[in-house]
Amino acid sequence: MSADPAPAPPHAPTVGFVSLGCPKALTDSELILTRLAAEGYATRKTFAGADLVIVNTCGFIDAAVQESLDTIGEALAENGRVIVTGCLGARTVGAGTGPEAANLVRQVHPKVLAVTGPHATDEVMEAVHRHLPKPHDPFVDLVPPAGIKLTPRHYAYLKISEGCNHRCSFCIIPSMRGDLVSRPIGDVLAEARALFESGVKELLVVSQDTSAYGVDLRYRTGFFDGRPVKTRLVDLCEKLGELAEPHGAWVRLHYVYPYPHVDDILPLMAGGRILPYLDVPFQHAHPDVLRRMKRPASGERNLERLARWRELCPPIVVRSTFIAGFPGETEAEFEHLLDFVREARIDRAGCFAYSPVAGATANALPGALPADEREARKARFMEVAEAVSVAKLRERIGATMQVLVDAAPARGRRGGWGRSYADAPEIDGRVRLLPPDRPSRALEAGQFVRARIVATEGHDLVAEPL
């Protein structure tokens, strides 16, 4: 995702910027862009004509690594002056003789100006200053209070922590982003308030492990507006709900591990403080596979946990991701996973065919499946998951829902697109809004509209604005 141009004084040094990867990387990009704007740099979407280029990379799976390397190559070809940051910047290859020799980016693209890992705003800015001196004028340069954002104006991601304490066998994120470091709760809430006051109507809470927020700080008490608040997920959610309410805004939780204390959040969902939506990375359902994955939750009680959540908050929507074809996965274990998806009635499910990642301990596990078998299992999984999802979507026909409008060309005279509380941007379905039945009724991006669901289209809903 490329950055929108940032305002800057005439003749300001210009930085081309591209952001790849997950929402957590996106928030890193927003921090860098905010610092650039604060110091008087201009930013642009293109490489050509910029004084230098920053590429924020992803390095989790092979396809993401290749996309990042290709983008760096394109930036070098078009511009020649490139700074690399993000997860791929932390990847190494071989034994090497030192950090430079072992760095994957430098091995493939030795002409880059600098390479940093993720969550490294200071290091990136140091590299920018080294190769493009800053033009900061504190009396001229202005930065929005909420910082520079790469999302549409009406929604934003809020990162509450960095890193992860788990050592899942298929994942190398901790080696790139480190152990869990929770942000001070006062800082998180201050950022949330600034975002709501800037017009954000949906706040998406992200981290590597949202449920673990505050564990590293032993849930110590912080302060916001002079009042004590514990650094703990349920307290954070309660305060975010309070901040969102005057603005009629949504708060959505992502990357929530299914720990027992998540139950404490369900009353806030049932009471309308935060959206009844949980993004839970189950990854698998069979206990033996989860043990080989070294997942923090066993999976043996997840059906009970889902039933409890639905009892506490009947409207709740659960989305999840799964891995098919993990090393040693038997046909019986895979069928167990399919049975889980059917019985759990996961509203939205994504699936990856297992892909070996350099440095992951899962690579050494016995029983590696052929690539075509892994892909075949992914296809079988998605067939089951899509049938469940479509059946649940059809249950919404006839219901009236609140929809956040994402796009409405010509003020909605030809209809538009939006999302219900059940749909996170870019990863779930959408709501296709039909043209209003009266000319005076306009649709506007970033506004809420009440709409009656009249049909389904694949993973999407079709609705009439009321």
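Throughout what follows, the structure given in this document is the object of discussion. (Residues numbered from 1 in each chain as written. Predicted model: local features only at pLDDT ≥ 70, side-chain atom pairs only at ≥ 80, totals over all residues. Heavy atoms only, no water.)

So, the side chain of Arg252
On the secondary structure map, Arg252 appears in strand β12 (residues 250-253). At 2.6 Å, the side chain of Arg252 forms a polar contact with the backbone oxygen of Tyr421. Beyond its immediate sequence surroundings of up to four residues, Arg252 is in contact with Glu202, Leu203, Leu204, Val205, Leu275, Tyr277, Arg419, Ser420, Tyr421, Ala422, Asp423 and Ala424. (Helix = DSSP H or I, 4+ residues; strand = E, 2+ residues; numbered from the N terminus. Polar contact = N/O pair within 3.5 Å; in protein donor to acceptor, adjacent residues only side chain to side chain. Contact = heavy atoms within 4.5 Å.)

A closer look at the nonpolar core
With 56 residues, the main nonpolar core has Leu240, Leu253, Met269, Leu278, Trp309, Val341 and Phe381 as its most contacted residues. Beyond its immediate sequence surroundings of up to four residues, Phe381 is in contact with Phe322, Phe334, Leu337, Leu338, Val341, Ala349, Gly350 and Cys351. Formed by 23 residues, the second largest nonpolar core is a distinct cluster that contains Leu36, Ile54, Leu132 and Tyr157. (Core = buried A, V, L, I, M, F, W, Y, C linked by side-chain atoms within 4.5 Å. Buried < 20%, exposed > 50% of the residue type's maximum accessible area, 1.4 Å probe, protein only.)

Some words on the pattern of salt bridges
On inspection of all chains with the given rule, the structure shows 32 salt bridges. Asp235 is the salt-bridge partner of Arg232, the closest N and O atoms lying 2.6 Å from each other. Taking relative accessible area as the criterion, Asp235 reaches 17% and is therefore assigned buried. For the salt bridge of Glu311 with Arg308, the shortest nitrogen-to-oxygen distance reads 3.4 Å. Here Glu311 and its partner Arg308 are both found in helix α11 (residues 302-312), 3 residues apart, which amounts to about one turn of the helix. Note on Arg308: relative accessible area 36%, which makes it partly exposed. Three or more residues joined by partner-sharing salt bridges are found here, namely Glu329, Glu331, Glu335, Glu373, Arg377 and Arg380. (Salt bridge = Lys/Arg side-chain N within 4 Å of Asp/Glu carboxyl O.)

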